[in-house]
Amino acid sequence: MSHHQEHINILENVKAIFLDLSGVLYEGHRLIEGAVQTVQWLRGQGYVLRFVTNTATKSHHMILQELLDMGFSLEESELFTAPQAAKNYIVSHQLKPYCILHPNLMPEFSELQSDQPNCVLLGDAQDELNYNNLNQAFRLIEDGCPLIGIGKNKYFMSHDGLKLDAGVFIHALEWASGTEAIIMGKPDHHFFHEVVASTGFQPEECLMIGDDVIGDVKGAIDAGLKACLVKTGKFKEVDLNLLPQKAYVIYSIQGLK
């Protein structure tokens, strides 16, 4: 199949493109080659863009600023983060979370916390994911508090190699307590539908681009979107065995042009 033909197939009948950040636009502190130019080109072609991430180590504002500093042009309303979705959920359900979060995110949730938490909120808290905090969370869950997870990814690619993500710890708490977490962000269909709704288009008119075959690609397809896996970020050849039938694969974001 010629590059041109492949290209027509991927963008055919697509009106909005959802871009995962880490692994698609950058790896750690390094821009992926051609990412800024490709995003610019997609805008020039008239596609509606959304930047979607499960990243739970930075605040909404920090992520936005980082993208702007890297040379991407975007509006705040185009950025959809899993922590933001979690906050919306907690506020709308009038919950008081016990938070195990990265220090960068704590200020966004501080006003929601109380001495009498009635849910657990867990994100990629890195060193705060210690035995003491996890045990505290476990006891609350055992007492009937729901567990809310920000993303359920297994690992991600950082500037210094692969790192465990929050999903590992969410899984441990689920397994120990025999409960199921409520997951905010990808691959949850509620998250995808929230992003789709913001565009005004149908799910099948939206294309998700990601480096996580489960979280980005399978999640999007299960939610009725089109999806495409990039071979950058944490991509491994074995991921191709997990690729849904309807998904596309490109070597990197540059393959869209």
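Quantities reported herein were computed from a predicted structural model and do not represent experimental measurements.

Definitions and cut-offs
- One numbering rule holds for all chains: residues counted from 1, following each sequence as written.
- Selection of residues for local features in this predicted model requires a pLDDT of at least 70, selection of side-chain atom pairs for listing and counting requires 80 or more, and totals for whole chains, interfaces and linings are taken over all residues.
- Hydrogens and water molecules were not included; the side-chain quantities draw on all heavy atoms of the structure.
- A run of H or I in DSSP counts as a helix once it spans at least four residues, and a run of E counts as a strand once it spans at least two, with each numbered from the N terminus.
- We take the radius of gyration over the C-alpha atoms and set the globule estimate at 2.2 Å times the residue count to the 0.38 power.
- Three labels apply to residues, based on accessible area from a 1.4 Å probe with only protein chains included: buried if under 20% of the type maximum, exposed if over 50%, partly exposed otherwise in between.
- Note on areas: these come from Shrake-Rupley sampling with a 1.4 Å probe, and a residue is covered only by the protein chains present in the view.
- In this charge count, Lys and Arg are treated as positive and Asp and Glu as negative; neither His nor the chain ends contribute.
- Charged side chains are reduced to one point each, which is NZ for Lys, CZ for Arg, CG for Asp and CD for Glu.
- A fitted line through C-alpha atoms serves as each axis, taken over the contacting stretch for helices, and the angle formed by two N-to-C directions is quoted from 0 to 180°.
- Roughly parallel refers to an angle under 35 degrees, roughly antiparallel to one over 145, roughly perpendicular to one between 65 and 115, and oblique to any angle outside these ranges.
- The handedness criterion is simple: a crossing whose near helix is rotated anticlockwise from the far helix by less than a right angle is left-handed, and one whose near helix is rotated clockwise is right-handed.
- The contact definition used throughout considers only heavy atoms, calling two residues in contact when any of these lie within 4.5 Å.
- Residue classes follow a fixed rule: Ala, Val, Leu, Ile, Met, Phe, Trp, Tyr, Cys and Pro count as nonpolar, while Asp, Glu, Lys and Arg count as charged, and any other residue, Gly among them, counts as polar.
- A cavity, in this analysis, means grid points on a 1 Å lattice covering only the protein atoms where a 1.4 Å probe fits yet has no way out; a pocket is instead an open set bounded by protein on both sides within 12 Å along at least five of seven lines, and a residue lines either one if it has an atom within 4 Å of a point.
- Grid points are joined across faces, edges and corners, and a volume is the space filled by probe spheres set on the points.
- Stacked, tilted and edge-to-face pairs are distinguished by plane angle, under 30 degrees for stacked and over 60 for edge-to-face with tilted covering the rest, among Phe, Tyr and Trp rings (Trp via its six-membered ring) whose centres lie within 6.5 Å.
- Counting as a charge over the ring demands two things of the Lys NZ or Arg CZ atom: a distance within 6 Å of the ring centre and an angle within 35 degrees of the ring normal.
- A pair of strands is considered paired only if DSSP assigns at least 2 bridges between the two.

1. Topic: the overall build of the protein chain
A count of helices and strands for the protein chain gives 9 helices and 14 strands. On C-alpha atoms alone, the protein chain measures out to a radius of gyration of 18 Å, which is about the 18 Å that the 2.2 N^0.38 rule sets for 257 residues. Principal-axis analysis of the C-alpha atoms gives the protein chain an extent of 60 × 35 × 35 Å. Out of the 257 residues belonging to the protein chain, those deemed buried represent 54%. A total of about 12,100 Å² of accessible surface is found on the protein chain, and carbon and sulfur atoms cover 51% of it. Charged side chains of the protein chain number 19 positive and 32 negative; the gap between the two group centres comes to 3 Å.

2. A look at the packing of helix α6 (residues 131–142) against helix α7 (residues 166–177)
Relative orientation and spacing of two packed helices are given, respectively, by the angle between their axes and the distance between those axes. Where α6 meets α7, the axes come as close as 10 Å, and the angle between the chain directions of the two elements is 45°. Between α6 and α7, the crossing angle belongs to the class labelled oblique. Along this stretch, α6 crosses α7, giving a crossing that reads as right-handed. Note on element contacts: α7 touches α6 through F169, L173, A176 and S177, opposite L134, A137, F138, I141 and E142. Considering only residue class, the contact of α6 with α7 consists of 7 nonpolar, 1 polar and 1 charged.

3. Details of empty space enclosed by the protein
Sizing a probe to match a water molecule and rolling it over the atoms shows the empty space that remains. Counted by the stated rule, this structure contains 1 cavity of 30 Å³ or more. In this structure, the largest cavity encloses a volume near 40 Å³. Residue lining of the largest cavity: N54, A56, D124, I150, G151, K152, N153, D165, A166 and G167, and that is the complete set. A breakdown of the residues in the lining of the largest cavity according to their chemical character gives 3 nonpolar, 4 polar and 3 charged.

4. Re the packing of aromatic side chains
Tallied over the full model, the rule gives 1 aromatic pair. Between F191 and F192, the ring centres sit 6.5 Å apart and the planes meet at 65°, which makes this aromatic pair edge-to-face. One cation-aromatic arrangement involves K234 over Y155; the distance from NZ or CZ to the ring centre is 5.4 Å.

5. A few points about the layout of surface pockets
In this structure, the largest pocket spans a volume of roughly 500 Å³. Elements with a minimum of two residues in the lining of the largest pocket: α3 (60–70) and β9 (155–158). A per-element tally of the lining of the largest pocket places β9 first, with 3 residues. Classifying every residue of the lining of the largest pocket gives 5 nonpolar, 12 polar and 11 charged.

6. A look at the pairing of strand β6 (residues 97–100)
Residues of β6 alternate between two faces, with P97 and C99 on one and Y98 and I100 on the opposite face, all of them buried. Relative to strand β7 (residues 119–122), β6 runs parallel, the two being bridged by 4 bridges. Looking across to β7, one finds that C99 is bridged to L121.

7. What about the sheet that holds strand β14 (residues 248–250)?
The 6 strands lie next to each other as β5-β4-β1-β12-β13-β14, forming an open sheet whose pairing is parallel. If you trace the sheet from one side to the other, it starts and ends with β5 (79–81) and β14, each paired once. Neighbour-to-neighbour, the strand axes of the sheet open up by a mean angle of 25°, direction not taken into account. Across 4 bridges, strand β1 (residues 16–20) lies against strand β12 (residues 206–210) in parallel orientation. Residue pairing in the sheet places A16 in a bridge with C206 of β12. Sheet contacts for α3: β4 (48–53) and β5; angle to β5, the most-contacted strand, approximately 135°. This element, helix α4 (residues 82–92), spans β4 and β5 of the sheet and lies at about 65° to β5.

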